[in-house]
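# Observations on the three-dimensional arrangement
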Amino acid sequence: MGKSKIKQEEAADKKRAPSPIVNDFTLVVATVNGSGSQTSNLALVRALFRMGIPVSGRNLFPSNIKGLPTWYTIRVNANGHTANKRMCDLLVAINMTTFHEDLAKLKQGGVCCYDDRLAEPTDRQDVIFYPIPIRALVKEVNPSKELREYIANMAYVGVLTEILAIDIDEIRRALETHFGGREKSIALNMRMIELAASWARENLSKRDPYRVERMPRDEERLLVDGNTAAALGAIYGGVSVASWYPITPASSLAEALEYYLPNLRSDPETGKATYAVIQAEDEIAAIGMAIGAGWVGARAMTSTSGPGISLMSEFAGLAFFAEIPIVIWDVQRMGPSTGLPTRTSQGDVLPVRFLGHGDTRHTILIPGTPQECFEFGWRAFDLAERYQTPIFVLSDLDLGMNLWISEPFQFPDEAMDRGKVLTAEVLEELGEYARYRDVDGDGVAPRTIPGTEHPLAAFFTRGTGHDESAIYSEKAEDWDANIQRLWRKLETARQALPTPITQRMDDARIGIIAFGSTDPAILEARDILSSRGTPTDYLRIRAIPFSEDVAQFIRNQQIVYVIEINTDGQMHALLQLEYPELATKVVSLTKNNGVPISADWAVEAILEAEEESHGE
Amino acid sequence: MANNGNERSSQKINELGLSKADYKGRPTTLCQGCGHNSISSQIMAACYELSIPPEKVIKLSGIGCSSKSPTYFMSRSHGFNTLHGRMPSIATGASIANRSLKTIGVSGDGDTASIGIGQFIHLLRRNVPMLYIIENNGVYGLTKGQFSATADKGQKLKKMGVNPFMPIDLCMEALIANCGFVARSFAGDPKQVKELLKSALNFNGTAVIDIISPCVTFNNRDESTKSYSWGLKHEYPLHDVTWVPSYDEIEMDIEPGEIMEVELHNESRLVLKKLGRDYDTSDRLAAMQLLEDSCCAEILLTGLIYLNQDQETFQSVENLVEEPLARLKQDVLRPSEEVLEEVMTHFR
């Protein structure tokens, strides 16, 4: 794009508005759910993404089918900061019932596009109002009755395209993707968008500074949600049995498996399935089926959220103690209890770590990006089979269901690792076999797969106390030996888990530890803090039990803030438990109200805590 | 008597060259005289006589006295003592992941009729190919003598008093859930138990056998319908059941019209010799009526109550490849890098 053109535009802008703000705003679409606004929002996000502009799309939706308030937030930021924001710069107000509440979150000088059927409020003289005659525009396009509501939502797409200078060809391309080339739908929606855009061109005088501009685009990058990435990762990990029970926000993970598997994993000759995806009768059965499949040697998984995790507790303990490889995705949502079923949280760290009674403890992977959802999706199976234990993957609603810009998925760089499995031939050579004998001293005892045709192959898998031949035993020494081996095994596994990601700044005095979906907010917060003279070091945990790097990081800092989306600071508690000698160096900062944390909150929380500690 | 494969039991080895000892389990720790031990013996005998390779069998159970018993038969088969009431889900996963294995589940009335009733029904709904044995004694043994959900109304137990609730009839539940093989038997009638086991092991779908298996410690008083003495006195077999391999001729000295013969999916046959009354095992509503009547008549009705071979199994519904999923290798399991590139273009 020529520089002179920008300058011209800038000059023109100066007459009406303050200096332009390019590629830096937060747009909130406030509407009701079930009205089809998702298509409109996705079209905007995709178009911006294809213009090379860093963007994210977050859906804050109710646990409801139709008619309750829902907000879609599109964050655009040239510096790549795509975390949630507390206030917005632009608001599209379609929902009468929340209009005033929505306006309250609009920044001074912000823009409010609203359905002109709503009365323009008089209490916000500090913002710019653009009424849109949605009804009149719909009338002109005249779609069939059942499509009217959907088409109406394209009006704001058209208006935003015009006032923000979004490339309308990219909007068209986004719709082509969305409708999979269904020309009639694309044409109808485009008619509304073009009509609304030309209406805006002719009727609105732009008084606001916001607009977008094409940026050099990294053609490799993806716009994708974590659940889709996780499902594809699982497929590349060779998942062959996936059992699940519908639950928000995990359902879309299993649904993505159902969507991709028929194409990616059907036998090319017979068309028959090399997988089974089973919708179970509840989460107990879902994990039970996965354990049964893992026991006979298949790559088996289940995906769920908090309430399902609660139900899976007993089976999780069995799989841990009986040493059955399975993968369990927990796409976290807000608890306790049914909680806020459609809102995000990181509240399952402690419950999952110790899921089950007695001395159960689990190995957990924590992806922070869709790319990691893909990677951990396949890696989890290797770890589960190598260490014969359940591998939990902790995602959350924000990462799982929202659209993120992601680095491309990397094809697995390792061959599948099925772990220590003895074949009939090896058993014949060995001449004896004891299922739980630690022959290699690493705690991982070789297993045999049911169906192995050798008289020595069989053993009895059980959740009861057993000796090294898997025979029922109540002897104290057998129990001790088995538990010690299990702990040895966990230590072996610890060494193979994904290591944390550490990022440093010069002269950093404080450290930040976080994990999972808060990554964008932390990265942005660090930029803000640094610009205010407080550089930070940052470590993002990607697995539990922790790598030695975590202890080293804490040791090297004067103080470390552990930031997480739960109330009590669960990761903080785990760190204190793991490193009691460092317990006073870690400070917990939490926010848990259903909304992804913003960088602003993190900055304030850290600065306040800093002030407090210096005040002492 | 028919030359129906039972003869081989008198020989030293079966068709696989295995002896009876190859089907043995560990020594039982259940009470002496427990009905479950008698059932374990018949499972071993049936598998031996059917020449089922023990390595190709998986035996699963829940929790309870009954669920301990898989340890006591066929040590050369992989076993899994799972959770209370949750064996059906483990069996479903195992069966779908390796369709070449023969799945035997052993449960009890506590394990199936109470905590596990949901999973039991859903196992049947999916028609997971397996033999599902309920060792039914109307009492919780391992926790020492509480009523189970199959205990009769009015039944007395030493420390619990009188049971005020109607029993759950697991054969009725199985019928309602569309199970294609529903049988009831009595541990005190080992011959019938064995023939039903053989038939069930040759059935392609979920086969349920509810076996009244007296608890000699907590529920064996004469007036209990789950006791040996009551069963011996009140057993009313619907027919004389015999399983016949495909290659055997039936030689029976009987009048025409007195036997019914059913061919199973693998061409072996079930021969039902008429005893007291006419009974058609293919009529589901008649089966329900029969159970209802027998309940009021104070009899222990045994035999094959219902048979329907026309239902798709879970494997078939899932349209699985022939090779067991658990044995598939990376070349089949992991799509190519090119395919990944193609998938990613949709996110760009």
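Calculation criteria
Residues numbered from 1 in each chain as written. Chains lettered and ligands numbered in written order. Predicted model: local features only at pLDDT ≥ 70, side-chain atom pairs only at ≥ 80, totals over all residues. Helix = DSSP H or I, 4+ residues; strand = E, 2+ residues; numbered from the N terminus. Rg over C-alpha atoms; globule rule 2.2 N^0.38 Å. Buried ≥ 20, exposed ≤ 12 C-beta atoms within 10 Å, placed from the backbone. Contact = placed C-beta atoms within 7 Å. Nonpolar A, V, L, I, M, F, W, Y, C, P; charged D, E, K, R; others polar. Pairing = 2+ DSSP bridges. Axes fitted to C-alpha atoms, helices over the stretch in contact; angles between N-to-C directions. Parallel < 35°, antiparallel > 145°, perpendicular 65-115°, else oblique. Right-handed = clockwise from strand over helix to strand, strands pointing away. Core = buried A, V, L, I, M, F, W, Y, C linked by C-beta atoms within 7 Å. pLDDT = per-residue confidence, 0-100.

### A closer look at the overall build of chain B
Counting its secondary structure elements, chain B contains 12 helices and 15 strands. The C-alpha radius of gyration computed for chain B amounts to 21 Å, which stays within 12% of the reference 20 Å derived for 348 residues, consistent with globular compactness. Considered along the principal axes of its C-alpha atoms, chain B spans approximately 75 × 50 × 40 Å. When the 348 residues of chain B are sorted by exposure, 53% land in the buried category. Expressed as a percentage of contacts within chain B between residues at least 6 apart in sequence, the contacts between residues at least 24 apart total 72%.

### Concerning the interface of chain A and chain B
Residue-level contacts link 58 residues of chain A with 47 residues of chain B. Considering every element that reaches the side of chain A that touches chain B, the biggest residue donor is helix 10 (residues 283-295) of chain A, with nine residues. Residue classes in the side of chain A that touches chain B are distributed as 36 nonpolar, 14 polar and eight charged. Bridging between strand 17 (residues 460-462) of chain A and strand 2 (residues 78-81) of chain B involves three bridges; their strand directions are parallel. Bridge pairing in strand 2 of chain B links A:Arg462 to B:Asn81.

### Let's talk about the packing of helix 3 (residues 87-97) of chain B against helix 5 (residues 117-126) of chain B
Residues and elements named next belong to chain B. At a closest axis distance of 8 Å, the pairing of helix 3 and helix 5 adopts a crossing angle of 30°. By the angle between their directions, the pair helix 3 and helix 5 is classed as roughly parallel. Across the interface between the two elements, Pro88, Ser89, Ala91 and Thr92 of helix 3 pack against Gln119, Phe120, His122, Leu123 and Arg126 of helix 5. Partitioned by chemical class, the residues of the contact of helix 3 with helix 5 number four nonpolar, four polar and one charged.

### Overview of the pairing of strand 20 (residues 536-541) of chain A
Residue and element names in this part refer to chain A. Along strand 20, five of the six residues are buried, which leaves the element largely enclosed by surrounding structure. When strand 18 (residues 501-503) meets strand 20, the two strands line up antiparallel, connected through three bridges. Bridging from a neighbouring strand, Thr502 pairs with Leu539 of strand 20. Relative to strand 20, strand 19 (residues 510-515) runs parallel, the two sharing six bridges. Each residue of the ladder has a partner; that of Ala514, found in strand 20, is Arg540. Taken together, strand 19, helix 18 (residues 519-531) and strand 20 constitute a β-α-β crossover, and its handedness is right-handed.

### With respect to the nonpolar core
Taken as a class, soluble globular proteins show a tendency for nonpolar side chains to be buried jointly. In this structure, A:Leu48, A:Val159, A:Val241 and B:Val182 are the most contacted members of the largest nonpolar core, which totals 269 residues. Top element by residues in this core is helix 5 (residues 148-164) of chain A. It accounts for 10 residues. Apart from the residues lying within four places of it in its own chain, the contact partners of B:Val182 are B:Cys171, B:Ala174, B:Leu175, B:Val208, B:Ala287, B:Ile305 and B:Tyr306. Counting residues in each nonpolar core, the second largest holds nine residues, with B:Tyr140, B:Phe147, B:Cys215 and B:Phe218 among its members.

### Things to note about the sheet that holds strand 2 (residues 24-32) of chain A
All names here are of chain A. On the basis of which strands lie adjacent, the open sheet formed by six strands has the order 3-4-2-5-6-7 and mixed pairing. In the strand order of this sheet, the two ends are held by strand 3 (55-60) and strand 7 (128-132), each with one partner. On average, adjacent strands in this sheet sit at an angle of 15° to one another, irrespective of strand direction. As paired strands, strand 6 (residues 106-115) and strand 7 are joined by five bridges and run parallel to one another.

### Thoughts on the confidence of the model for chain A
Averaged over chain A, the pLDDT score is 95; the fraction of residues at 70 or greater is 97%. Here residues 1-7 of chain A scores under 50 on pLDDT; set against residues more than four positions off or in separate chains, the count is two contacts.

### Description of the pairing of strand 3 of chain A
Successive residues of a regular strand alternate their side chains across the two faces of the sheet. Judged by how many residues are buried, strand 3 of chain A sits mostly within the fold: six of six residues are covered. Both faces of strand 3 of chain A are covered, namely the face carrying A:Val55, A:Gly57 and A:Asn59 and the face carrying A:Ser56, A:Arg58 and A:Leu60.

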